[in-house]
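Per-entry structural report
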Amino acid sequence: MRKVRGVVVMLLSSLWYSEDSWLRLFARLLLNFLGFIFCGAAAALAFGGVWWILMCKDYGYLFQEFFLSLPGCLAVAAAIILLPTGVLAISVSAKCSRYKQGTLMYLLLVLLCLEMSLAVLAHIYSIWTASELKSSIGYLVYHYNATHSQAPGNSTMDVVQRKLQCCGAQNYTDWLKEAAASWHLPAEKAYVPESCCKEEYSHCRGDLGHLEQFFQEGCLKKLEDQLHFVMLYMFWCCIVVSVLELLAGVSNGILMRHQPFHNLRFLESSNFL
């Protein structure tokens, strides 16, 4: 009976050891794979952050807030940390080291905090920029001075229209409304600013009799779409990378579980007896 019980115990222990070995192997392979993914994700996240910072530089005059570029800065910071994290994950998967594993866990925790903050900011900014743009562009259109081309507000609206290849807030008809409201021009003499004209028409002067010579689409929707796309891009980058970091943390935890703190064994109670 004792022999049978001993055989059963040996079989169970060998089965557990085999499953444990497979689990460690899987954790190593997964961590190695995620390390390479993190290096690529760092480039993608940095791209989104730089893209947003450049857009803030190009269209920052439409917003009054100085913290507009904050999501971009957070994305670049996360990318800078994510790159060595990926390299460290590859190193840990090749050769386990308690110090490297602890550092990896710490970096993953910092990245999770950064990316969750960035995802929340991206969602908030996508809503906030839409309302802010509507009021800013509406203000620029209303205060556009058709009689003085060098008026302070004119250059801003002209730059936006040339850069985005658009005309007015919603479309070119916005200028018809403002011609009567603030330019004090009769409807038959209304025209659009020359910045609405397409580049191929060098002699265009905004005459409404030649609609084919200027852009038909409004600036508001174009700019909203661009800003919303960048925010959405960074949001989903953060969500996907955060999920992968959780997997990396679990894999690293499995490897850490099978490597005890040898240097701390002096704390065992037997050493004090």
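Residues numbered from 1 in each chain as written. Predicted model: local features only at pLDDT ≥ 70, side-chain atom pairs only at ≥ 80, totals over all residues. Heavy atoms only, no water.

Thoughts on the side chain of Ser-126
In this structure, Ser-126 sits in helix α3 (residues 98–142). Those residues within four positions of Ser-126 in sequence are excluded, and the remaining contacts are His-228 and Met-231. (Helix = DSSP H or I, 4+ residues; strand = E, 2+ residues; numbered from the N terminus. Contact = heavy atoms within 4.5 Å.)

With respect to the state of the cysteines
In the structure shown here, the tally under the stated rule is 2 disulfides. The disulfide partner of Cys-166 is Cys-219, and the S-S distance across this bridge is 2.0 Å. Judged by the sign of its S-S torsion, about 95 degrees, the bond between Cys-166 and Cys-219 is right-handed. One end of the pair, Cys-166, is in the loop between α4 (152–164) and α5 (173–181); the other, Cys-219, is in helix α6 (residues 219–257), and 53 residues separate them in sequence. For Cys-166, a relative accessible area of 0% translates into the label buried. Bridging Cys-167 to Cys-196, the disulfide has an S-S length of 2.2 Å. Disulfide Cys-167 to Cys-196: torsion about the S-S bond roughly 85 degrees, handedness right-handed. Placement of the pair is Cys-167 in the loop between α4 and α5 and Cys-196 in the loop between α5 and α6, with a sequence separation of 29 residues. Here Cys-237 stays unpaired: no disulfide links it, and the sulfur of Cys-238, its closest cysteine neighbor, is 6.9 Å away. Cys-238 gets classed as buried once you look at its relative accessible area, which sits at 0%. (Disulfide = S-S within 2.5 Å. Buried < 20%, exposed > 50% of the residue type's maximum accessible area, 1.4 Å probe, protein only.)

Looking at the packing of helix α2 (residues 70–94) against α3
Direction vectors running N to C along α2 and α3 enclose 155 degrees, while the axes themselves pass 9 Å from each other. The angle between the axes of α2 and α3 places the two elements in the roughly antiparallel class. For the pair α2 and α3, the crossing hand works out as left-handed. For the contact of α2 with α3, a count of residues per class yields 20 nonpolar, 4 polar and 2 charged. (Axes fitted to C-alpha atoms, helices over the stretch in contact; angles between N-to-C directions. Parallel < 35°, antiparallel > 145°, perpendicular 65-115°, else oblique. Left-handed = near helix turned anticlockwise from the far one by under 90°. Nonpolar A, V, L, I, M, F, W, Y, C, P; charged D, E, K, R; others polar.)

Considerations on the nonpolar core
Within the largest apolar cluster, 63 residues are counted, with the highest numbers of intra-cluster contacts made by Trp-52, Leu-62, Ile-137, Met-157, Trp-175 and Leu-223. Mapped by element, the contributors of at least two residues to this core are α1 (2–59), α2, α3, α4 and α6. Examining the composition of this core, we find that 14 residues originate from one element, α3, more than from any other. (Core = buried A, V, L, I, M, F, W, Y, C linked by side-chain atoms within 4.5 Å.)

What about unusual backbone geometry?
Residues other than glycine predominantly adopt negative phi, and peptide bonds predominantly adopt the trans conformation. At Gln-165, a residue that is not glycine, the phi angle is positive and equals roughly 55 degrees. Secondary-structure assignment places Gln-165 in the loop between α4 and α5. With relative accessibility at 41%, the residue Gln-165 sits in the partly exposed group.

In short, geometric facts, not functional conclusions.
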